[in-house]
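Structure at a glance
What follows is the residue order along each chain.
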Amino acid sequence: MQRRQNYLLLFIITLTVVAVFLDLPTSTVQAVSDTTGIPLARARDAVSNLLVWQSPEPENRVIEIRQGLDLQGGLQVLLQADMPDGQVPDPESIRAVRTIIENRINSLGVSEPLIQLQGEDKIVVELPGIEDPERAIQTFGETGRLEIVGAGSTFLPPRGTQGYEEKGVVLETSYPALVSELTPTPVPTTTITPTATMPATATSTLTNTPTLEATETITASTTVTATQEVTTATGTEATPSPPPNPFADREWPTVITGDMLSSAQVIFDPVTNEPAVSFTLKSEGSERFFKYTSDHVGEFLSIVLDGEVISSATIREPIRDQGQITGNFTREEAQGLVIQLKYGALPVPLKVVNNVTVGPTLGQDSVDRSLTAGIIGLAVVMVFMFVYYRLPGLLADLALLIYTAVSLAIFKLIPVVLTLAGIAGFILSIGMAVDANVLIFERLKEELRFGRALRSAIDVGWERAWPSIRDSNFSTLITCVILFWFGNQFGATVVKGFALTLAVGVLVSMFTAIVVTRTFLHVVLETVGVRHLGWILPDAAESAEAETSL
């Protein structure tokens, strides 16, 4: 029994130290590391790299409290389907658009975004903490038709080169030409429907057009896998002398399209530490790409997004299944390109109807006052517990501090985005943690009144209080699940935040009430020893004999 209590105490101390380490701000950890030479910052980075559930990209994994839109402000965007007059996108397409936008935003590292449908053709997007609204809108709002185009010996200037600072060269490629040829085909059918035989022959001629099938094979039929060590280097050397015309008089051949890519990620050059984009091709694109790059070594390839050149590279060697896009990227630009590559095209084109940068609705002063009120409330509860329950109350206060540290650490690791509603859920769970201790201590008092020995009274009091604690907390957890589901279905992230913080708080409070406080009591009683019941419970000495053997 004594050994078990010692193990539990060691576990609680270790958990508390880890939680406090995670709760410290990054700046404090860095300052302590620089001052003492202890590699705390490196240890914290190692922990953050393990948080793969936060984001697939390591740079988006952080151990920080994330604030919601109401606490830190952010970006609010209204997107609308850009359809021809009188047409409305079908519900399935607009839901697919919402899912793709959500994936892209998650890759941006934005916490607790609000993405919800409005009417039949609009999507509302709210992003807390976004600092560059234009880049964010470009990343998640563009339709994302990506092509790799053969440019031969011609360097096609991307966005950011001299003379093309705002927008890269806009090209006519074979892929959009195919789309524009296919789109008109339904028109003859609908116009000629009144007649019987003639439209039928006309339609069949259109569907069997050899040109259409040939072009489709070019973009989709290639089956291949391939190289590894190949890298494509951006043609930034050619930047000083961009061609004077926009190359609009020529159709440029599409080598492969974005849907032939299986994955993409940001990597860093081990020598220069400059960001680059590594990509892997699917089987249907790699053989085609290998054949083209084998025949055109030394020539240019251009990456084209929605007709605009975003990067131009020189083919250094044949490329099969893997390659790299290197060039004058910032980390944000490389990450934006990766998101476009990974999450593909939107099934419905979008236009930005409105975008507003939102300030914090509460303001820093309100946040500071809320924190002050929370600290005062916690202090009052701790004083009450100590005055009314003496030694058990003091140990419960210590368990309450451990509860707070562990809860905040979990909020950082998940991560939970704290909104005003989330803070309310956390404070409510503190009250429930105290409630569990009150139930346990009242049962303990009853057992002492019945004349039980102190050690036995502690164990029996916990056992008899457990059903009440279990039922009340489980019913709260069921409510949290319902609220979280409701918030998820209807885009009410405020409700989700409240439900999540309350659920985490309830689970941690059950642990601290049942395990931590009980362990502390046993260790204090068996190690230090308490001879007078008045130090255990104030009214127990009046209802029992003055002393109880241990």
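Residues numbered from 1 in each chain as written. Predicted model: local features only at pLDDT ≥ 70, side-chain atom pairs only at ≥ 80, totals over all residues. Heavy atoms only, no water.

**Observations concerning the overall build of the protein**
Convention followed: We count a stretch as a helix when DSSP gives it H or I for four or more residues in a row; a strand needs E for two or more, and each element gets its number in order from the N terminus. Classification of residues uses two cut-offs on accessible area relative to the type maximum, computed with a 1.4 Å probe and protein chains only: under 20% is buried, over 50% is exposed, and between them is partly exposed. When checking whether two residues touch, look at their non-hydrogen atoms; a contact exists if any pair is within 4.5 Å. With residues, only the protein chains shown are counted as cover, and all accessible areas are computed by Shrake-Rupley using a 1.4 Å probe.
Helix and strand counts for the protein come out as 17 helices and 16 strands. By the burial criterion, 44% of the 550 residues in the protein qualify as buried. Put simply, 75% of the contacts in the protein that link residues at least 6 apart link residues at least 24 apart. Per element, the accessible surface of the protein, about 27300 Å² overall, is 60% carbon and sulfur.

**What to know about the packing of aromatic side chains**
Stated precisely, the cut-off is as follows: Only centres within 6.5 Å qualify two rings of Phe, Tyr or Trp (six-membered ring in Trp) as a pair; their planes then separate them into stacked at under 30 degrees, edge-to-face at over 60, and tilted for everything else. We count a charge as sitting over a ring when the NZ of a lysine or the CZ of an arginine lies within 6 Å of the ring centre and within 35 degrees of the ring normal.
Summed over all chains, the structure comprises 8 aromatic pairs. Following the ring pairs from residue to residue traces out a cluster consisting of Phe 384, Tyr 388, Tyr 389 and Phe 441. In this structure, Arg 320 is placed above the aromatic ring of Phe 290, and the distance from its NZ or CZ to the ring centre is 3.8 Å.

**As for helix 3 (residues 40-49)**
Quick note on the threshold: In this context, the arc is that of the directions from the helix axis out to the C-beta atoms.
If you check which residues of helix 3 are buried, you get Ala 41, Arg 44 and Ser 48. An end-on view of helix 3 places all buried positions within 60° of arc, on one side of the element.

**Remarks on the pairing of strand 2 (residues 74-81)**
For the record, the criterion: Here, strands pair whenever DSSP counts at least two bridges between them.
Most of strand 2 sits inside the fold, with 7 of its 8 residues counted as buried. Where strand 2 and strand 4 (residues 122-128) come together, 7 bridges link them in antiparallel fashion. Counterpart to Leu 78 in the pairing with strand 4 is Val 124. Relative to strand 15 (residues 350-358), strand 2 is paired through 8 bridges, and the arrangement is antiparallel. Considered in strand 15, the bridge of Leu 78 is made with Asn 354.

**Focus: helix 1 (residues 2-23)**
Working note: α-helix, 3.6 residues per turn, so residues spaced by three or four point in the same direction. So the rule is basically this: Here a helix's expected span is defined as the number of its residues, less one, multiplied by 1.5 Å.
Helix length check: helix 1, at 22 residues, gives a terminal C-alpha distance of 31 Å against a target of 32 Å (1.5 Å per residue), a fit within 8%. Restricting attention to buried positions, one finds in helix 1 the residues Gln 5, Ile 12, Ala 19, Phe 21 and Leu 22.

**Some points on the side chain of Thr 501**
Convention followed: As used in this structure description, the phrase polar contact means that two N or O atoms lie within 3.5 Å; if the pair is within protein, one of them must be able to donate a hydrogen and the other to accept it, and residues adjacent in sequence are counted only when both atoms belong to side chains.
Structurally, Thr 501 can be placed in helix 16 (residues 493-528). In this structure the side chain of Thr 501 is engaged in a polar contact, spanning 2.9 Å, whose partner is the backbone oxygen of Gly 422. Apart from the residues lying within four places of it in its own chain, the contact partners of Thr 501 are Phe 411, Val 416, Leu 418, Gly 422, Gly 425 and Phe 426.

**Some words on the sheet that holds strand 3 (residues 114-118)**
By way of backbone hydrogen bonds, the strands of a sheet pair with one another, either parallel or antiparallel. The condition is simple: Interaxial angles span 0 to 180 degrees and are taken between N-to-C directions of axes, which are lines fitted to C-alpha atoms, for helices over the stretch in contact.
Read from one edge to the other, the open sheet built from 4 strands follows the order 3-4-2-15, with strand pairing classed as antiparallel. Looking at strand neighbours, the two that pair on one side only are strand 3 and strand 15, the edges of this open sheet. Geometrically, the sheet is characterised by an average inter-axis angle of 15° between neighbouring strands, direction not taken into account.

**A word on the packing of helix 2 (residues 26-36) against helix 3**
Short version of the rule: Note on terminology: angles under 35 degrees are roughly parallel, angles over 145 are roughly antiparallel, angles of 65 to 115 are roughly perpendicular, and the others are oblique. As a working rule, the residues Ala, Val, Leu, Ile, Met, Phe, Trp, Tyr, Cys and Pro are called nonpolar, Asp, Glu, Lys and Arg charged, and the rest polar, with Gly in that last group.
Interhelical geometry of helix 2 versus helix 3 gives an angle of 140° and a closest axis separation of 7 Å. Relative to helix 3, helix 2 is oriented oblique. Side by side, helix 2 and helix 3 meet where Thr 26, Val 29, Gln 30, Val 32 and Ser 33 of the first sit next to Leu 40, Ala 41 and Arg 44 of the second. In terms of residue class, the contact of helix 2 with helix 3 is built from 4 nonpolar, 3 polar and 1 charged.

**Let's talk about the environment of Trp 252**
On the secondary structure map, Trp 252 appears in strand 8 (residues 251-252). Residue class for Trp 252 comes out buried when judged on its relative accessible area of 1%. Trp 252 sits 50 residues away from Ser 302 along the chain, and the two C-alpha atoms are 10.0 Å apart.

**A closer look at a nonpolar patch on the surface**
For clarity, the threshold we go by: For patch detection, residues must exceed 30% relative accessible area and be free of salt bridges, and they are connected within 9 Å for like charges or within 5 Å for nonpolar side chains (Val, Leu, Ile, Met, Phe, Trp, Tyr). Each reported salt bridge corresponds to a side-chain nitrogen of Lys or Arg within 4 Å of a carboxyl oxygen of Asp or Glu.
Together, Val 383, Phe 386, Val 387 and Leu 394 line one region of the surface with nonpolar side chains, adding up to about 370 Å² of accessible area. With respect to the element layout, Leu 394 can be found in helix 13 (residues 363-413). Using a relative accessible area of 42% as the deciding quantity, one classes Leu 394 as partly exposed.

**Let's talk about the side chain of Gln 80**
Examined against the element boundaries, Gln 80 turns out to sit in strand 2. Relative accessible area serves as the criterion here: at 17%, Gln 80 is assigned to the buried category. A polar contact of 3.1 Å, which involves the side chain of Gln 80, links it to the side chain of Asp 121.

**A short note on the environment of Asp 249**
Position of Asp 249 relative to the elements: it lies in the loop between strand 7 (232-234) and strand 8. For Asp 249, a relative accessible area of 74% gives the class exposed. Spatially, the C-alpha atoms of Asp 249 and Glu 172 are 8.1 Å apart, while their sequence positions differ by 77 residues.

**Some details on the pattern of salt bridges**
According to the stated counting rule, one finds 9 salt bridges in the structure shown. For Arg 452, the salt bridge is made with Glu 447, and the minimal N-O distance between the two is 2.7 Å. Judged by its relative accessible area of 31%, Arg 452 falls in the partly exposed class. Residue Asp 459 is joined to Arg 518 by a salt bridge in which the shortest nitrogen-to-oxygen separation is 3.1 Å. Within this pair, whereas Asp 459 is found in helix 15 (residues 454-490), its partner Arg 518 is found in helix 16, the two being separated by 59 residues in sequence. By relative accessible area, which is 18% here, Asp 459 ends up buried. It is possible to trace a salt-bridge network through shared partners that takes in Arg 443, Glu 446, Glu 447, Arg 452 and Arg 464.

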